Amino acid sequence: MSPTSTDDLPVDGSATVRLDVAPDVVFAALTDLDVLPTLSPENERCELLEGSDAVEVGARFRGWNRSGDHEWHADCVVTELEPGRRFAYEVPPGFEHATTWSYEIEPDGDGSVVTESFHAPMLALPDVYPGRIEGRCENLRRACETTLANLRAHLES
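Residues numbered from 1 in each chain as written. Predicted model: local features only at pLDDT ≥ 70, side-chain atom pairs only at ≥ 80, totals over all residues. Heavy atoms only, no water.

S.K.: Please clarify how the packing of aromatic side chains should be interpreted in this entry.
M.R.: By convention here, two paired aromatic rings are described through the distance between centres and the angle between planes. Applying the stated rule across the entire model yields 4 aromatic pairs. Aromatic side chains Phe61 and Tyr89 sit 5.2 Å apart centroid to centroid with 70° between the ring planes, which places their arrangement in the edge-to-face category. Of this pair, Phe61 sits in strand E3 (residues 60–67) while Tyr89 sits in strand E5 (residues 86–91); the two residues are 28 residues apart in sequence, bridging distant segments of the chain. Of the two residues examined, Phe61 and Tyr89, each falls in the buried class. (Phe/Tyr/Trp six-rings, centres within 6.5 Å; stacked < 30°, edge-to-face > 60°. Helix = DSSP H or I, 4+ residues; strand = E, 2+ residues; numbered from the N terminus. Buried < 20%, exposed > 50% of the residue type's maximum accessible area, 1.4 Å probe, protein only.)

Written out as structure tokens, the structure is:
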């Protein structure tokens, strides 16, 4: 393994919500780069990067984020896109310890069950930022819950 690793540190998290909204409507909201920042407690803005015209596998976009007093931007690449079912992206693209964010959408009667999850291996690397941020994994887990609560408010209002 490269930088010092602490294998017992948590690197995964997720949250799930049932919505009274069809999967295609949920998918449209989650893949709309103007809507996505309104759902997240950290992301403030997203835009496609040069060479990408739409959210599709291989498309690159940049997200501008804030947590407390800390601001940063991160480049992302869409890794999976299955309309009405799944959307995933990697941050930053091509980094061996990249974080993968994903959204799974399952039909459920006249609604949907939506799961937002992350796999962030760098959280187990205390020598790599943000591995040194105490409680970062738990903060990201809470962010998933907040994002899905905001998704519910956005789509069911």
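S.K.: Got a minute to help me understand the pattern of salt bridges in this structure?
M.R.: Two side chains carrying opposite charge are able to pair once their charged atoms lie near each other. Scanning the model with the defined rule gives 14 salt bridges in all. For Glu80, the salt bridge identified is with Arg86, shortest N-O distance 2.5 Å. Linked by salt bridges that have partners in common, Arg18, Asp20, Asp108 and Asp110 make up one network. (Salt bridge = Lys/Arg side-chain N within 4 Å of Asp/Glu carboxyl O.)

S.K.: Explanation requested: unusual backbone geometry in the structure shown.
M.R.: Glycine aside, negative phi is the norm for most residues, and most peptide bonds take the trans geometry. Cis geometry marks the peptide bond from Val91 to Pro92, where omega comes out at -20°. Here Pro92 is to be found in the loop between E5 and strand E6 (99–108).

S.K.: Just to check I follow, could you spell out the side chain of Arg86 for this structure?
M.R.: Following the sequence through the fold, Arg86 ends up in strand E5. According to the relative accessible area criterion, Arg86 is buried, its value standing at 16%. Looking at Arg86, its side chain comes within polar contact range of the side chain of Glu80, at 2.5 Å. Beyond its immediate chain neighbours, meaning those up to four positions away, Arg86 contacts Phe27, Glu80, Leu81, Ser102, Tyr103 and Glu104. (Polar contact = N/O pair within 3.5 Å; in protein donor to acceptor, adjacent residues only side chain to side chain. Contact = heavy atoms within 4.5 Å.)

S.K.: Whenever I open this one, the pairing of E3 confuses me. Can you help?
M.R.: Both faces of the sheet carry side chains from a regular strand, because those side chains alternate between them. Note that strand E2 (residues 43–48) and E3 share 5 bridges and pair antiparallel. Bridged to Glu47 within E3 is Arg62. Here 8 bridges tie E3 to strand E4 (residues 70–82), and the two strands are oriented antiparallel to one another. Within E4, the residue paired with Ser67 across the bridge is His70. Between E3 and E4, which follow one another and run antiparallel, lie 2 residues, and Gly68 among them has a positive phi close to 60°. (Pairing = 2+ DSSP bridges.)

S.K.: Mind showing me how you'd approach the nonpolar core here?
M.R.: Within soluble globular proteins, side chains that are nonpolar generally end up buried alongside one another. Among the nonpolar cores identified, the biggest contains 36 residues, and Leu19, Val26, Leu30, Tyr89, Val114, Phe118 and Leu151 are the most heavily contacted of them. Of all the secondary-structure elements, those providing two or more residues to this core are strand E1 (12–19), helix H1 (23–30), helix H2 (36–39), E4, E5, E6, strand E7 (111–119) and helix H3 (136–156). If one sorts the elements of this core by residue count, H3 sits on top with 6 residues. Ignoring sequence-local partners within four residues, the contact set of Leu151 consists of Leu19, Val26, Ala29, Leu30, Leu39 and Val114. (Core = buried A, V, L, I, M, F, W, Y, C linked by side-chain atoms within 4.5 Å.)

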